[in-house]
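Structure at a glance
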Amino acid sequence: ARAIAEFATARATRLKVLVEIDCGEHRTGVLPDGPELMEIAGILDAAPSVDLDGVLTHAGHSYTCRTPEEMAAVAEEERSSAVRAADTIREAGFPCPTVSTGSTPCVMFARGVTGVTEVRPGVYMFGDMFHAGLGTRNIDEIAITVLASVIAHRRDDNQLYIDAGGLALSKDRATAALDDDCGYGLVCDARTTELIPGLRVASVHQEHGQVTGDGPVAFDDLPVGSKVRVLPNHVCMTAAAYDAYNVIDSDEGEGGTEVIATWGRCNGW
């Protein structure tokens, strides 16, 4: 907080600042009713070029939950921690207009958001296989796929390879914590996005994805050069590899392959 105040003064610029609250994950942030919160609030409020704009938190521990009831309980921890911190700041006479929470599981199963002014869920808008495993999304609601080509067959090993590896899909293995592990993503028909039963990306190299089946792979239906789509394990990590989204509509012209719009992304750090 002192560094921010000094920076704003030295650069003659005005900054709006949110104070991060630890609502139970114990990764970063200060406790909602601890002395550090009020010390930070006092420093920021006193700085002539800084606006104390509020508090924010993220209940990352919601991802360890496995039932809607557990997620709802963590959502309430998230909400109440942020609101309690905001109330503490206001009672001391400081402004606190923003009360911000995050975490997709909490947004999906929260009992209420009283006192919260904004939510920042990430996976919420697209969904992915980890969230399908958690039950916050159905598989047919996942809105992001990676288009890939079949580049090789290994019939003796019941494997085929696609040109989507770690750089295209990420190496996130979140679903390894679930009973139904999808590897690095499930494989779908390129035109319909319907799952090809039993196929998953079991292993990735930098540019190669190894696809295996629960049973015999239908190689003749997936010749070298054919296209497939992969439902990602963790959509945030996967989408970060691309500079835009190609939007397709199964009701338009080419049955799910015609790009009807391109949406840009904000990438980098």
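Here's a quick rundown of the structure.

The rules behind these values
- Residues numbered from 1 in each chain as written.
- Predicted model: local features only at pLDDT ≥ 70, side-chain atom pairs only at ≥ 80, totals over all residues.
- Heavy atoms only, no water.
- Pairing = 2+ DSSP bridges.
- Helix = DSSP H or I, 4+ residues; strand = E, 2+ residues; numbered from the N terminus.
- Axes fitted to C-alpha atoms, helices over the stretch in contact; angles between N-to-C directions.
- Buried < 20%, exposed > 50% of the residue type's maximum accessible area, 1.4 Å probe, protein only.
- Right-handed = clockwise from strand over helix to strand, strands pointing away.
- Contact = heavy atoms within 4.5 Å.
- 1 Å grid on protein atoms, 1.4 Å probe; cavity = no way out; pocket = protein on both sides within 12 Å on 5 of 7 lines; lining within 4 Å.
- Points joined across faces, edges and corners; volume = space filled by probe spheres on them.
- Nonpolar A, V, L, I, M, F, W, Y, C, P; charged D, E, K, R; others polar.
- Phe/Tyr/Trp six-rings, centres within 6.5 Å; stacked < 30°, edge-to-face > 60°.
- Lys NZ or Arg CZ within 6 Å of the ring centre and 35° of its normal.

**Description of the sheet that holds strand β8 (residues 195–204)**
- Taken in spatial order, the 6 strands close into a barrel running β5-β6-β9-β8-β7-β10, and their pairing is antiparallel. Each adjacent strand pair in this sheet contributes to an overall mean axis angle of 45 degrees, direction not counted.
- Looking at chain direction, strand β5 (residues 146–154) and strand β6 (residues 159–162) are connected through 4 bridges and run antiparallel. Note that in β6 the partner of Arg154 across the bridge is Gln159.

**Quick notes on the pairing of strand β3 (residues 98–102)**
- Taken across its 5 residues, β3 has 5 buried, putting it largely inside the fold.
- As paired elements, strand β2 (residues 50–57) and β3 share 3 bridges and run parallel to each other. Across the sheet, Gly54 pairs through a bridge with Thr98, a residue of β3.
- Bridge count for β3 against strand β4 (residues 118–120) is 3 bridges, and the pairing is parallel. Bridge assignment links Ser100 to a residue of β4, and that residue is Glu118.
- For the segment spanning β3, helix α4 (residues 104–109) and β4, crossover handedness is right-handed.

**Section: the sheet that holds β3**
- The parallel open sheet is built from 4 strands, whose spatial order is β1-β2-β3-β4. This sheet does not close on itself; its edge strands, each paired only once, are β1 (15–21) and β4. Shown here is a sheet whose adjacent strand axes are inclined to one another by a mean of 30 degrees, direction ignored.
- Seen against the sheet, helix α3 (residues 68–91) touches β1, β2 and β3 and runs at an angle of roughly 160 degrees to β3.

**Re empty space enclosed by the protein**
- All chains considered together, the criterion is met by 1 cavity of 30 Å³ or more.
- Looking at the lining of the largest cavity residue by residue, the class counts come to 2 nonpolar, 4 polar and 4 charged.

**Observations concerning the packing of aromatic side chains**
- Applying the stated criterion to the full structure yields 2 aromatic pairs.
- A centroid spacing of 5.9 Å and a plane angle of 15 degrees characterise the contact between Tyr63 and Phe130, whose relative ring orientation is stacked. A residue pair is termed long-range when its members are at least 10 positions apart, and Tyr63 in the loop between β2 and α3 and Phe130 in helix α5 (residues 129–134) qualify at 67 residues.
- Ring plane angle 55 degrees and centroid distance 5.1 Å describe the contact between Phe126 and Tyr245, whose orientation is recorded as tilted. Placement of the pair is Phe126 in the loop between β4 and α5 and Tyr245 in strand β11 (residues 244–248), with a sequence separation of 119 residues.
- Arg173 extends its terminal NZ or CZ atom over the ring of Tyr184, reaching a point 5.2 Å from the ring centre.

**Considering the layout of surface pockets**
- In this model, the largest pocket occupies a volume close to 950 Å³.
- Lining the largest pocket we find 35 residues, and of these Ala143, Thr145, Arg229, Asn246 and Ile248 sit closest to its centre.
- Secondary-structure elements contributing two or more residues to the lining of the largest pocket are β5, β10 (227–232), β11 and β12 (259–264).
- A total of 5 residues in the lining of the largest pocket trace back to one element, the largest contributor, which is β11.
- Residue classes in the lining of the largest pocket are distributed as 21 nonpolar, 7 polar and 7 charged.
- As for the second largest pocket, its lining consists of 15 residues, and the residues nearest its centre are Cys236, Met237, Ala240, Arg265 and Trp269.
- The biggest single contributor to the lining of the second largest pocket is helix α7 (residues 235–239), with 4 residues.
- Split into classes, the residues belonging to the lining of the second largest pocket amount to 11 nonpolar, 3 polar and 1 charged.

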